[in-house]
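# Architecture at a glance
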Amino acid sequence: MELKMFIVVLVLLVGTLMPLGATASSPEMGTGHVRPQNDQGHGHSDHGGTATNYTKKPFPVLSFDYEHVRLPFEISLWVLLAFLMKLGFHLIPQMPSIVPESCLLIVVGLLIGGLMKLLGDVSIVLESKIFFFYLLPPIILDAGYFLPIRAFTENLGTILMFAVVGTLWNTFFIGGFLYGVCQLEGVHLAQVDLLSCLLFGSIVSAVDPVAVLAVFEEIHINELLHILVFGESLLNDAVTVVLYHLFEEFSSVGTITVIDALLGIVCFLVVSLGGIVVGAIYGILAAFTSRFTSHTRVIEPLFVFVYSYMAYLSAEVFHLSGIMALIACGAVMRPYVEANISHKSHTTIKYFLKMWSSVSDTLIFIFLGMSTVAGDHEWNWTFVIMTVILCLVARVLGVIGLTFIINKFRIVNLTTKDQFIIAYGGLRGAIAFSLCYLLDPVLFPRKNMFLTAIITVIFFTVFVQGMTIRPLVDLLAVKKKQETKRSINEEIHTQFLDHLLTGIEDVCGHYGHHHWKDKLNRFNKKYVKKCLIAGERSKEPQLIAFYHKMEMKQAIELVESGGGAKLPSALPSTVSMQNIQPKKPPHERALPQLTKSREEEIRKILRTNLQRTRQRLRSYNRHTLVADPYEDGWNEILIKRKKMMELEKKISQMNNYLTVPAPPPDSPTIARARLSSDPQAWGIKPVKESIPTIKVDLASPQSPESLTMVDELSKKSSTQKDNEEEGGLMMKPPPPAERKDKTGEEDDGKEPQRLMRCLSDPGPSAEEEEEDEPFLP
Amino acid sequence: MGSFQSLPDDHQYRTLSKKTGFSLEQITILHNRFRQLSHNEESLRKDDFKTIQDLESNPIRFQIIEAFFDKRNFQKNGVGSVEEIGFEEFLTVMSYFRAPGLHITEEKREEIRRAKLRFLFNMHDTDNDGTITLEEYRHVVEELLSRSGALGRETAKGIADAAMLEVASISVGPMAPDEFYEGITFEHFVKILKGIEIETRMHIRFLNMDTTVMCK
C-alpha cells in the first residue's frame, strides 16, 4: 500500500523533471554556468528588455520564470529524487537484504540516464570537480571522525602494508600485464604505451572507500576485517595520488629515469605525511576553538565541519593527500572536541555527518549510473575483459603474499577466511572513475577505452562482489560484529591491562609498544589536554569519562522510557546495592528521633531552596540553549552527587538497626504516581545545586559526615521521589536492614543516620531526642 | 653478559625453557635483566623493583610488584607471599605474558586464557578467599584512578559499585532483595571478561627486546 502511493508520487516528480530538463538546453550539471539570460528576470516579463520600448500592459499578477531558479531547483530536485529512491528500496520487502543499496542506486542512475538520453540531448556526467570537492569530503570526514582509533592503531602496520605495498603491487602487475597484452599482435592496441598502461593500472588498482563503506556497512562484519579493508581504502589514497601524478607527468615527457623514481618515493612520503600534518594542525585548531564555545553552543558543530573542510582544501592546494588530511583532522580533534562541546552539539555533529555522507553516497552512485549511459564509450573486448580478470588476480595474489609476510609479525594471525574477505572486499568505485575522467584526451588518446574498462570493473565489483559478499560471509561463518555495548567491567580491565603491560615492560627493561603508548598518554594528559579542553574536564581520566557517558546515556534512556518505568536492560535492574553490600549482624537498637519543630524548619529550608532553583531555570534566550540542568554544570552536579552518595553510604555503613521499616523499593507505578502527583518532581534535580547553601557549622566536632548530613536529609526527602529519574546507576538507598561494622566513629554516625531515616519515613516512629548538631546556617 | 655458559646453566635453562615455554635466547636476556635488577645476587626483593624509574609513575605498581611475590602465581596451590624470589619464579611470572603460539588447539587456547585470567584474578583477590569482594574491587578502581586526585577517589566507589552490579546481574541474574552477592568468583570473572580476548591482548613481545637498554 505504501509502496504504491510512493511510486505514484515518484512518477509525478519524475514526470515534472523530464520536460523541464528536456525543454531547456541544459549544459553539464553543476559547472556553475552563469546564464546570460538570467540578468533579465526579476519579475518583469519584458518582451524585449530594452529600456526605451516600454509598452504599458496590465501588471503581471502571476508569472512563470523558471530560468531564474533553474540551477538550485534542479539540484534540489535531483537530491530529492535520489532520496525518494533510497526510501523506496527500503519499503520493498526483502530487497535490502539481497541487493546492496549501491547496486540499486546505480541501476536507478542507469535508468534515469537512459530516459534522459531518449528525451533529449541532456548529458549529465559525474564531473570530477563536483565529485572531489563536494561529494567526497563528507564521506571521508564521517569515516575519519568516527574512526575507531584503538583498532586502527593496533593494526596500523598491517593496514599500511596493504595500502602501500598492496597498491603498488596491483599497479605494476596490472599495468605491466596489460602492456604485455597490448603488445600482442591481434589486438590492435599497440599504441597504448607502457606509461599509459601503468597510469591506468594505478587508477584502477585503488580500493575505493565509498564502495567499501557502502557494502561493508550492511554486512556487519567483525571489527578487525572491517578496519583492515576500510583503513586500506583510506590510506591508499596517498599512493594513488603520487602514482597518478607521477605517471601523468611523465606521460608528457615520455620516459622515466631512476632519479624520477626516487623522487617519486620522496614525493610519496611528502604527500602522505604532509597531508597528515595539515590535517593535524587544523584538528588542533578546531579543538582549541571548541574550548571557548561554552557561551555559543549553537555554532559548535560548524567549527568541526568548516575546519575539516579547510584541511581538505588546504591539502589539495599543495597536491597533498586530501583524504589523509581529512582523516587526520577528524581523528585528532575528536577527543578534545567531544570533551568540550555540549551533548546536543555532539548529536548534531553525528547526525549531520551521517546525513551528508548518505547524501553524497547516494548521489555518487546515481551519477555513476548516469555517466555510464551518457559518456562516450569505446568497447574493446580484450582490454576490458583482461582488466577485470587482472584486477581480481592481482588482488588475490597480493593479499595472499602480503598476509604471508604480515603474519610473521602479528600476534593474531589472519586466517584464510580473513584473507578471502579482504581480497573479496577490494571494491573499486567512483574515485577511479573520476580520476580517469580527468585524464587529458590529447595525451591519452584511448581515454574512452580506459573509461569503459573502469566502468566495467566498477560494475563488476559492486554488483557481483557486492551482492555475493553477504551470502559468502554467512557461508564461511565469518565472525560478525559484536553487538553488545562495552561494559564498565571491560573498560576497567582494559585500562588495568594497559597499565599492567606497561609495568611489565618496564620490569623487563623493554621499551616496547606499551611503554611508548603510555608515554604518549601521559604527555597528552599533562600538556595537550590542558590547552585544548576547557575547565574541569581536562583532568578527567578516561575511565571516569566513560562512566559519566554511560550514566548520561542511561539517564536519558530512562527519561525516554517514561521516567520511572523499568530501567533499561543494560542496567542490572534485578540487582541493587543491597545485594552487594555486605550485611552485618544488628548492633544496637535505637530509634530515630527528631523534634517536630526541627522537622518543620528543615522542610521550610528545602521548600525555599527549591523555589529559588525553579526561578533560575525559567530564564533563557533564543541564542543560548535552554538552561538545561543536564548540560551546564552537569559535571558539578555529578561531582556533588557522588560526594553525597559516598557519604551516604559511609553513614549507612556505620548505622544501627532501626525498627522503622524502610520505604519499599519504588515500583514503577508508585514512582509514576509520585511523579504525576508532585509537579515539583522535575524541579528537584537542580536542588542539588542549592544544597551547598545549607551549611553546617564546620567547627562542629563531628566528623565530616555531619557536614553533609543535612545534605543527606534534603537529598533523602527529594531522593525518594526522583530516585527513579536520576539515572540508571543510582543505587537505591540502602534499607536500614543492612549495615556495616565500623569501629570508632559509631556514635557520631548513629545520630545522622537516625535523623536521615526519620525524615525519609513519614511514619509514626519518632521519639524525642535532643539533636546536637547545628544544621542551620 | 652470560659469561658463564657452563653446563649446569645450560641445563638449567633448558628445564626452564621446557617449563615456561620461553626460548633459550629469551631466557638469557631475561636472566640478564634479573641480574641487573638484583645487583647480581641470586634473589630479587621488593625494594629492587623500586629502582625501576618508569614503574614509579604507574598507578598500579604495588599490585604489579605484589604479583611477582605472590605464591599463587608460581606454585599450584601456593598461599601467601614471599619476601624474595629466585630467577625461576621471576621467569614463571613473566611466562604469563607470553603470546599464545601460532598453531594451537582450541582447548590449549582456552587453557592459556584461563591461566592469564587467573593471574589477573589473583592480582585483585588480595586476601585469597577465592572471590573478589566489593572492597577489593573498590581498591582496584581507586588505584587505577589514584592519579586523578579527589575527583578520582569519589567516583571510584561509584564505578566499582556499578561494575559489581553488572557482574552480579550477568552472572547471577535476578536477585531477591535479601539475597547477597558474595563477590566475583573466578568463573564469573571469566564470564564477564569474555569480550576481551585476553590471550592475545595480554602479551609482551619478548623477542624484540633491546639488549642495549639493559646494560644501563
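Our subject is the structure that appears above.
## Overview of the overall build of chain A
- Within chain A, the secondary structure is distributed over 30 helices and zero strands.
- Of the roughly 36600 Å² of accessible surface on chain A, 66% is carried by carbon and sulfur atoms.

## Side note on the overall build of chain B
- Counting secondary structure elements, chain B contains 12 helices and four strands.
- Burial status across chain B gives 52% buried among its 216 residues.
- Summarising the internal contacts of chain B: among those between residues at least 6 apart in sequence, 57% fall at separations of at least 24.
- In the form shown here, chain B has an accessible surface area of approximately 10400 Å², with 51% of it arising from carbon and sulfur atoms.

## Quick word on unusual backbone geometry
Residue and element names in this part refer to chain B.
- Even without being glycine, H39 reaches a positive phi, approximately 55°.
- Checked against the element boundaries, H39 lands in the loop between α2 (24–37) and β1 (44–45).
- In this structure H39 comes out as exposed when scored by relative accessible area, which is 52%.
- With phi around 65°, N40 is a residue other than glycine that occupies positive phi space.
- When you line up the elements, N40 lands in the loop between α2 and β1.

## Some details on a nonpolar patch on the surface
Residues and elements named next belong to chain A.
- Taken together, the side chains of W169, W379, W381, I385, I389, L392, V393 and L397 present a nonpolar region at the surface, about 770 Å² in accessible area.
- Take the nonpolar patch: its biggest share by element is six residues, from helix α15 (residues 381–406).
- Here I385 lies in helix α15.

## Considerations on the nonpolar core
Residues and elements named next belong to chain A.
- In this structure, F131, L136, I203, F216 and F450 are the most contacted members of the largest nonpolar core, which totals 135 residues.
- For this core, the leading source of residues is helix α10 (residues 223–253), giving 16 residues.
- Those residues within four positions of F450 in sequence are excluded, and the remaining contacts are V192, S196, F200, F383, C436, L439 and F444.

## Quick notes on the packing of helix α5 (residues 128–145) of chain A against helix α17 (residues 430–437) of chain A
Residues and elements named next belong to chain A.
- Between α5 and α17, the least distance of the axes is 9 Å, while the angle of their chain directions is 145°. On the side of α5, the interface is formed by S128, F131, F132 and L136, while α17 contributes A430, I431, S434, L435 and Y437.
- Residues belonging to the contact of α5 with α17 are distributed by class as follows: seven nonpolar, two polar and no charged.

## What to know about helix α12 (residues 300–317) of chain A
Residues and elements named next belong to chain A.
- For α12, spanning 18 residues, the distance from its first C-alpha to its last is 26 Å, which sits close to the expected 26 Å at 1.5 Å a residue.
- Of all the residues in α12, the buried ones are E300, P301, V304, F305, Y307, S308, A311, Y312, S314 and A315.
- Where α12 is buried, its residues meet α5, α11 (258–290), α13 (322–340) and α14 (343–374).
- Positive phi shows up at H319, right after α12, with a value of about 60°.

Basis of the calculations
Residues numbered from 1 in each chain as written. Chains lettered and ligands numbered in written order. Predicted model: local features only at pLDDT ≥ 70, side-chain atom pairs only at ≥ 80, totals over all residues. Heavy atoms only, no water. Helix = DSSP H or I, 4+ residues; strand = E, 2+ residues; numbered from the N terminus. Areas by Shrake-Rupley, 256 points an atom, 1.4 Å probe, with all protein chains shown as cover. Buried < 20%, exposed > 50% of the residue type's maximum accessible area, 1.4 Å probe, protein only. Contact = heavy atoms within 4.5 Å. Patch = residues over 30% accessible without salt bridge, like charges linked within 9 Å, V, L, I, M, F, W, Y side chains within 5 Å. Salt bridge = Lys/Arg side-chain N within 4 Å of Asp/Glu carboxyl O. Core = buried A, V, L, I, M, F, W, Y, C linked by side-chain atoms within 4.5 Å. Axes fitted to C-alpha atoms, helices over the stretch in contact; angles between N-to-C directions. Nonpolar A, V, L, I, M, F, W, Y, C, P; charged D, E, K, R; others polar. Expected span 1.5 Å × (residues − 1).

These figures capture arrangement, not role.
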